[in-house]
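# Coordinate inspection notes
Chain by chain, the residues:
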Number of protein chains: 2
Amino acid sequence: MKIILDAMGGDNAPDANIKGAVNAINKVKAEVVLVGKEDIIRSKIKEFYGKEMEEISERLKIQNSTETIEMEDQPTVAIKHKKDSSMVVGFNMLKKDEGDVFISAGNSGALLAGATLLVGRIKGIDRPALGGILPAYKSQLLLMDCGSNTNCKPINLLQFAQMSSIYLKNTYGIEHPAIGLLNIGTEETKGNELVRESYKLLKEKAEQLDINFVGNVEGRDAFSGKIDAIVTDGFTGNVFLKTTEGIGKFVKRSLVESFTQNLFSKISYLIAKKPIKSLSKAMDYKAYGGALFLGVKKPVVKAHGSSDALLFEYTIIQAEKFVENKAVEKMIEAFNNQKKD
Amino acid sequence: MKIILDAMGGDNAPDANIKGAVNAINKVKAEVVLVGKEDIIRSKIKEFYGKEMEEISERLKIQNSTETIEMEDQPTVAIKHKKDSSMVVGFNMLKKDEGDVFISAGNSGALLAGATLLVGRIKGIDRPALGGILPAYKSQLLLMDCGSNTNCKPINLLQFAQMSSIYLKNTYGIEHPAIGLLNIGTEETKGNELVRESYKLLKEKAEQLDINFVGNVEGRDAFSGKIDAIVTDGFTGNVFLKTTEGIGKFVKRSLVESFTQNLFSKISYLIAKKPIKSLSKAMDYKAYGGALFLGVKKPVVKAHGSSDALLFEYTIIQAEKFVENKAVEKMIEAFNNQKKD
C-alpha cells in the first residue's frame, strides 16, 4: 500500500507533515510518499533527525513537485492551473493508481474541487461530502457533511445518510447504524424547509435503501452514544463541528485554571491528573484523525488545517485503515447494486 | 415590582414552577404572581411546605386561570382561542401593567406568538428574537437568535446585532460590545447566501448604528471571552445552543466516569472535588437563567422547557434584574432615536 501525503498543505507545513510521516512510518505497513519540494523536504529531515530520509525508513518516499496551492487561491482555478502543485500531483498519482489514498491539510475548497474534478464522483452520488468522526459517549459519531456543501437539497442529505450507513457498516462493523437528521426539535414539523423536506424523503426511502433512520436529532442528544451518524448540510455541519471544538477548548482552559487557582488545587491536580487525562483523551477529536471525503472514486482524507505532527501521525494511521477496509470499493459496489435494483 | 410566572408551563410544571417561586421569594424584592389553577397551586404548596401560601411570604400571589397551553398546541391558534390559559392570562396582565415581566417555560412557539400578538413589537424591529446568555471564558456570550426565527433575512440579523449591542451596553455595562456573525470561516466570502449578505449589510451599517461589528466568528472562537454577542438565524442558533448543551452533558458524564473507574480515581475525586465543581459552575448555562425575548414592548423571559426548581429560581432572579435595568425601555428609546436620525 502507498499513502500519498501532501507535504506542503496545512498551517504547519512542511515541518508538521514531515514529522508526522516519520512518526507514523513504524506504525503503518504502507509506504508514505511525501509530495512537495524535494530539496526542502530532504534538508528538513536532515535538520530534524540528523540523517538522510532513506536511513530512517525505506518506506518513506518523496515525489517532487514545485508549486503549492495557497489558502488564498481560488479552488477551481488553482486545481486547473497549478499543475505541478503538491495537491494536483498527489491527486494525479491517486488517479493513476500510483498510490492508494491521498491526505492533505491544505486549502479545503481546492481539495474538494480536486477530488471531484481529478478523481471523480461515484455513480449515483450527486454531491460527495466530508464525513468527520467525533467522540461521543463510549463510542463515536459520524458527521456528514462537515462543511463541503454549503447549500444542499433533500436528495443530497438522503445520499449522505446512505453513504454514512454503508461506511459505518463496513468500517466499524455496526450492523444497523442509527442515522439521525440534525434538527432543532424532534417533531417532524420542526426546522427550516430543507430539513422538513429531507425528513419526509428520508422517511419515505429509508426501508428501500436499508437506512436505519431514527428521525430528527438535536445537538443535545448527539453525543449520547445512541446515534451513529448525523446528516446535515455543510453549513450547519461546520457550525456544529466548530462549536464542538470551541467548547472543547473552553473546557480544557477552565479545567486547567480551576486546578491552578491555589496551592491546594495544584496539589489535587497532581493526584487527579490521570482521570483528567483519560477524560481529555475521550474527548479528543484529534485522535479520530481527518475527515473522509466520501462519494469519490478513491480514498481522499482531509487532514485538519491546523494539524501538528501528532495529528498527521494519527491521520496517516487512519488512512491506512480506510484503505484496508475497502471503504470506497464497498461504497461503489453498494451504489452500483442499488442502480440495478 | 411584580414578576408574573406561568405556573403551568414546562416539563416539570407545576411542581418545579411553584418550588422555584418559593425558593426565589426571599432572594428578590418583587412580588411573584403564580398564574394557573388556584386550587392545584394552593394544595401543592400545602403538600410541599405544610402551610398556606400566605404563611410563606406575603409577596407570593396567585392569579387563577383555568386552561393550559400544551406542547402539542398549534401556537397561534392556542393564543387566539385559549383565552383563559395561564400563558394568555399572564400576557394580558403584562399588557395591562398588572405586572412588570412575564416568565414562561411553556410551548415556545405559543410564547413567541403571544409576545408578538399580545404585547407587540417595538417600532423599528421587524422580528423580535430570543437572546440567550451562555458561559464563556471568564465572561459570557449572548446568542441572538436562539431559535425563534427559523428563516431570516439580512435585515433581521442586522437588527439582532443592534439589539444585542443595546442590551449588553445597558445591562452588562460593556461599553463597546464585540458583535460577531456566526459563520464557518472568517473570510467575508465564506458561508451561505444569508450570511454573506448579512456580512455586507452589517459592515455597511455598523458605524451608523454604533455596532462594534468584529466580522465573522467561528464556533471554535465563540467561547474565547473576546466576543460579547453572536448573531445568527434561529435555526443555526438553536443548533449552536443545543450542541453546546450536548457537549456539556457528555463532558459531565465522562468526567464522573473517569473519576469512578477505580479506587485510586475515586480517592482523587475526593481531593479534586472542589476544582471540578468550580469548573462545572463556570460551564453551567443554567446559572444564566432563561432567554430574553428582545424586540417586544415589555419584558418577556423564556425559561428552559426542562426547568427544575433551581432553574426557575435563577430565572426569577434574572427577570428582576432585567426589569431593574430597564432593558426594554432603553431598547425602545434607542430605536426611537434612530428613527429620528
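The structure we're discussing is the one just above.
A quick note: this is a predicted structure, and the numbers were derived from the prediction, not measured.

## Focus on the overall build of chain A
- Counting its regular elements, chain A contains 12 helices and 11 strands.
- The globule rule puts the C-alpha radius of gyration for 341 residues at 20 Å, and the 21 Å found for chain A is close to it.
- Projected onto the principal axes, the alpha-carbon positions of chain A cover approximately 65 × 60 × 35 Å.
- Considering chain A as a whole, with its 341 residues, one finds that 56% of them fall into the buried category.
- Considering only intrachain contacts with a sequence separation of at least 6, the fraction spanning at least 24 residues in chain A is 71%.
- Total accessible area on chain A is roughly 14400 Å²; 49% of this is exposed by carbon and sulfur atoms.

## Some thoughts on the relation of the copies chain B and chain A
- Least-squares fitting of chain B to chain A yields an RMSD of 0.1 Å, with the transformation described by 0.0 Å of translation along the axis and a rotation of 180°. Such a combination of rotation and displacement between the chain copies is what one expects of a two-fold axis.
- Taken together, the interface assignments show that 100% of the residues at the interface of chain B recur at the interface of chain A, consistent with an identical surface on both copies.

## Comments concerning the sheet that holds strand 4 (residues 101-104) of chain A
Residue and element names in this part refer to chain A.
- Read from one edge of the open sheet, 11 strands run 3-2-1-4-11-10-5-6-9-7-8, paired in mixed fashion. Looking at the sheet topology across the chains shown, the edges are occupied by strand 3 (60-64) and strand 8 (212-217). Across the sheet, the axes of successive neighbouring strands diverge by a mean angle of 30°, strand direction being ignored.
- Direction of pairing for strand 1 (residues 2-6) relative to strand 4: parallel, over a ladder of three bridges. Note on strand 4: the bridge partner recorded for Ile-4 is Phe-102.
- Of the strands in this sheet, strand 5 (129-136), strand 6 (139-144), strand 7 (178-182), strand 9 (229-231) and strand 10 (291-294) touch helix 7 (residues 154-172), which is tilted by about 150° from strand 6.

## Looking at the sheet that holds strand 10 (residues 291-294) of chain B
Residue and element names in this part refer to chain B.
- In space, the 11 strands of this open sheet follow the order 3-2-1-4-11-10-5-6-9-7-8, with mixed pairing throughout. Lying at the two open borders of the sheet, with one neighbouring strand each, are strand 3 (60-64) and strand 8 (212-217). Adjacent strand axes in the sheet meet at a mean angle of 30°, parallel and antiparallel pairs treated alike.
- Note: strand 1 (residues 2-6) against strand 2 (residues 31-36), five bridges, orientation parallel. Residue pairing across strands places Asp-6 opposite Val-35, the latter belonging to strand 2.
- Together, strand 1, strand 2 and strand 3 form the strand contacts of helix 1 (residues 15-24), whose direction differs from that of strand 2 by roughly 170°.
- Along the sheet, helix 8 (residues 193-205) contacts strand 7 (178-182), strand 8 and strand 9 (229-231); its crossing angle with strand 8, the most-contacted strand, is approximately 160°.

## Thoughts on helix 7 of chain A
Residue and element names in this part refer to chain A.
- When the terminal C-alpha atoms of helix 7 are compared, their 26 Å separation across 19 residues agrees well with the 27 Å that a helix rising 1.5 Å per residue should span.
- With respect to burial, helix 7 is a largely interior element, 14 of its 19 residues being buried.
- Directly after helix 7, the chain includes Gly-173, whose backbone phi takes a positive value near 65°.

## A short note on the pattern of salt bridges
All names here are of chain B.
- In this structure the tally under the stated criterion is 28 salt bridges over all chains.
- Note that Glu-324 and Lys-29 form a salt bridge whose closest N and O atoms lie 3.8 Å from each other. Linking Glu-324 in helix 11 (residues 309-324) with Lys-29 in the loop between helix 1 and strand 2, this pair joins segments that are 295 residues apart in sequence.
- Between Lys-82 and Asp-73 there is a salt bridge, with the nearest N and O atoms lying 2.7 Å from each other.

## Topic: the interface of chain B and chain A
- Taken together, the contact between chain B and chain A spans 52 residues of the former and 52 residues of the latter.
- Between chain B and chain A lies a buried interface of about 4800 Å² when both sides are counted; carbon and sulfur atoms form 71% of it.
- Together, B:Arg220, B:Phe235 and B:Phe250 form the three largest contributors to the area buried by chain B at its contact with chain A, with a combined 16%.
- Between chain B and chain A we count four salt bridges in total.
- Where chain B meets chain A, there are eight residue pairs in polar contact (both at pLDDT 80 or more).

## Some thoughts on the packing of helix 1 of chain B against helix 2 (residues 38-49) of chain B
Residues and elements named next belong to chain B.
- The N-to-C vectors of helix 1 and helix 2 enclose an angle of 65°; their axes lie 10 Å apart at closest approach. Compared by their axis directions, helix 1 and helix 2 come out roughly perpendicular. Crossing geometry of helix 1 relative to helix 2 is assigned as right-handed. Counted together, Asp-15, Ile-18, Lys-19, Val-22 and Asn-23 of helix 1 and Ile-41, Lys-44, Ile-45, Phe-48 and Tyr-49 of helix 2 form the full contact between these two elements.
- A breakdown of the residues in the contact of helix 1 with helix 2 according to their chemical character gives six nonpolar, one polar and three charged.

## Considering unusual backbone geometry
- In this chain, A:Met144 is followed by A:Asp145 through a cis amide linkage whose omega measures 10°.
- The residue after B:Ala13, namely B:Pro14, is reached through a cis peptide bond having omega -5°.
- Assignment of secondary structure puts B:Pro14 in the loop between strand 1 and helix 1.
- The phi dihedral of A:Asp210 falls on the positive side, at around 60°, and the residue is not glycine.
- Mapped onto the elements, A:Asp210 comes out in the loop between helix 8 (193-205) and strand 8.
- The partly exposed category is assigned to A:Asp210, whose relative accessible area is 44%.

## Concerning helix 5 (residues 86-95) of chain A
All names here are of chain A.
- Of all 10 residues in helix 5, eight are buried, a share of seventy percent or more.
- Every buried residue of helix 5 is accounted for by Ser-86, Met-87, Val-88, Val-89, Gly-90, Phe-91, Met-93 and Leu-94.
- Positioned one or two residues after helix 5, Asp-97 has a phi angle of 60°, which is positive.

## Observations regarding the nonpolar core
- Counting residues in each nonpolar core, the largest one holds 218 residues, and the members touching the most others are A:Tyr167 and B:Tyr167.
- With sequence-adjacent residues up to four places away left out, A:Tyr167 is seen in contact with A:Ile133, A:Leu142, A:Tyr172, A:Leu292, A:Leu294, A:Phe322, A:Ala327 and A:Met331.
- Judged by nonpolar contacts, the second largest core, of eight residues, contains A:Leu255, A:Ile276, B:Ala272 and B:Ile276.

Quick notes on the rules
- Residues numbered from 1 in each chain as written.
- Chains lettered and ligands numbered in written order.
- Predicted model: local features only at pLDDT ≥ 70, side-chain atom pairs only at ≥ 80, totals over all residues.
- Heavy atoms only, no water.
- Helix = DSSP H or I, 4+ residues; strand = E, 2+ residues; numbered from the N terminus.
- Rg over C-alpha atoms; globule rule 2.2 N^0.38 Å.
- Buried < 20%, exposed > 50% of the residue type's maximum accessible area, 1.4 Å probe, protein only.
- Contact = heavy atoms within 4.5 Å.
- Areas by Shrake-Rupley, 256 points an atom, 1.4 Å probe, with all protein chains shown as cover.
- Least-squares fit on C-alpha atoms with pLDDT ≥ 70 in both.
- Pairing = 2+ DSSP bridges.
- Axes fitted to C-alpha atoms, helices over the stretch in contact; angles between N-to-C directions.
- Expected span 1.5 Å × (residues − 1).
- Salt bridge = Lys/Arg side-chain N within 4 Å of Asp/Glu carboxyl O.
- Buried area = accessible area lost by both parts, 1.4 Å probe.
- Polar contact = N/O pair within 3.5 Å; in protein donor to acceptor, adjacent residues only side chain to side chain.
- Parallel < 35°, antiparallel > 145°, perpendicular 65-115°, else oblique.
- Left-handed = near helix turned anticlockwise from the far one by under 90°.
- Nonpolar A, V, L, I, M, F, W, Y, C, P; charged D, E, K, R; others polar.
- Core = buried A, V, L, I, M, F, W, Y, C linked by side-chain atoms within 4.5 Å.

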